[in-house]
Amino acid sequence: TYSMSDTNATATESVVIESGTVSLPSGYFSVGGDFLNEAGTITHNTSEIVLTNITSAIVQASSSDLYALTFNGGGAYTIADNTITLLDSLSIVDGSLVLASTTTTVGGSFDASGGTFSAGSSTVLFNSSDTGEIVNPGVSTFYNIQIGAPTGGYSFVASATTTNNFSLLTASNFTMQTGTVLKVEGVFLNTVGGSATNWNGSTLALDGENAYTINTK
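Predicted model, so just to flag it, every value in this text is computed and none were measured.

Student: Explain the sheet that holds strand 24 (residues 203–206) to me, and be specific about the residues and the numbers.
Tutor: Read across the open sheet, the three strands follow the order 19-21-24; overall the sheet is parallel. The outermost strands of the open sheet, each flanked by one partner alone, are strand 19 (160–162) and strand 24. For this sheet, the mean inter-axis angle between neighbouring strands, taken without regard to orientation, is 10°.

Student: Which residues make up unusual backbone geometry, and what values go with them?
Tutor: Residues other than glycine seldom take positive phi values, yet threonine 46 does so here, at roughly 55°. Residue classification places threonine 46 among the partly exposed positions, given a relative accessible area of 39%. Its identity is not glycine, yet serine 62 carries a phi of approximately 55°, on the positive side. Looking at the element boundaries, serine 62 is found in the loop between strand 9 (56–60) and strand 10 (68–79). Classification of serine 62 as partly exposed rests on a relative accessible area of 29%.

Student: I'd love a proper account of the environment of phenylalanine 71, names of residues and values included.
Tutor: Within the element layout of this structure, phenylalanine 71 appears in strand 10. Accessibility expressed as a relative area gives 0% for phenylalanine 71, which makes it buried.

Student: Quick rundown of the side chain of serine 109? Include the residues and the values.
Tutor: Counting through the fold element by element, serine 109 comes out in the loop between strand 13 (103–106) and strand 14 (110–111). We classify serine 109 as buried; its relative accessible area is 14%. Of note is the side chain of serine 109, whose polar atom sits 2.9 Å from the backbone nitrogen of isoleucine 134.

Student: Describe the pattern of salt bridges, and please don't skip the residues or the numbers.
Tutor: Counted under the stated rule, the structure contains two salt bridges. Across the salt bridge formed by lysine 183 and aspartate 207, the nearest N and O atoms sit 3.4 Å from each other. With lysine 183 in strand 21 (residues 181–184) and aspartate 207 in the segment after strand 24, this residue pair connects regions lying 24 residues apart in the sequence. With relative accessibility at 28%, the residue lysine 183 sits in the partly exposed group. The class for aspartate 207 is partly exposed, based on a relative accessible area of 45%. Taken together, the salt bridges that share partners define one network made up of Lys183, Glu185 and Asp207.

Conventions adopted
In this convention, every chain numbers its residues from 1, walking through the sequence in written order. At least 70 in pLDDT is required for a residue's local features to be given in this predicted model, at least 80 for side-chain atom pairs to be given and counted, and no such filter applies to totals for whole chains, interfaces and linings, which use all residues. Just so you know, side-chain values use all the structure's heavy atoms and leave hydrogens and water out. DSSP bridges decide pairing: two strands pair if at least two such bridges lie between them. A run of H or I in DSSP becomes a helix once it reaches four residues, and a run of E becomes a strand once it reaches two; helices and strands are each numbered from the N terminus. A fitted line through C-alpha atoms represents every axis, and for helices the fit uses only the stretch in contact; the resulting angles, taken between N-to-C directions, go from 0 to 180 degrees. Buried, partly exposed and exposed residues are distinguished by accessible area as a fraction of the type maximum, computed with a 1.4 Å probe on protein chains only: under 20%, between the cut-offs, and over 50%, respectively. Two N or O atoms count as a polar contact when they lie within 3.5 Å, although within protein this holds only if one can serve as hydrogen donor and the other as acceptor, and sequence-adjacent residues are included solely when both atoms are side-chain atoms. Should a side-chain nitrogen of Lys or Arg be within 4 Å of a carboxyl oxygen of Asp or Glu, the pair is scored as a salt bridge.

Quick look at the structure:
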């Protein structure tokens, strides 16, 4: 078992965990290369991993949950896992990011306003247990969005597009900010509705080739 006792830490090159259990610093962990968990276990310790490589870098969490990820070097970044779980936020401050190929679970906010991301044919699942989370995809598009946050609340503070499905399954509250557009090119499903959702001044654009059926009131 290995523990980083500092609040913040910096690795100027790659971090590779080949075996054992590694406890990350409780604050920021700046990584100048790849962050690869090949065959170990990560104890996140509420650490925010900040990728700073200016060219390219890979994140591989394997079966371990991470707390927060920030991409801030202007490079081309890739999440190599099929599925990855973040217990807090994902931020793209500068650079481009390829999301996990199947599911990226985000337990906090999602802010890509400073960079871009590629969703491929994957799902981004928002499942925060807290209210006050924000989603800002910048200029990029999602494939599938699923919101499953029974006690959580999300506000889309910028326009968003799903090239496939959008599913609002559970949430304490959900808001589309005034002046924004939610464009859904597949199935739109909202099982929350009522006073828990706020669409005032926003636009829902259903732009799929499939037929749409509106439930009775």
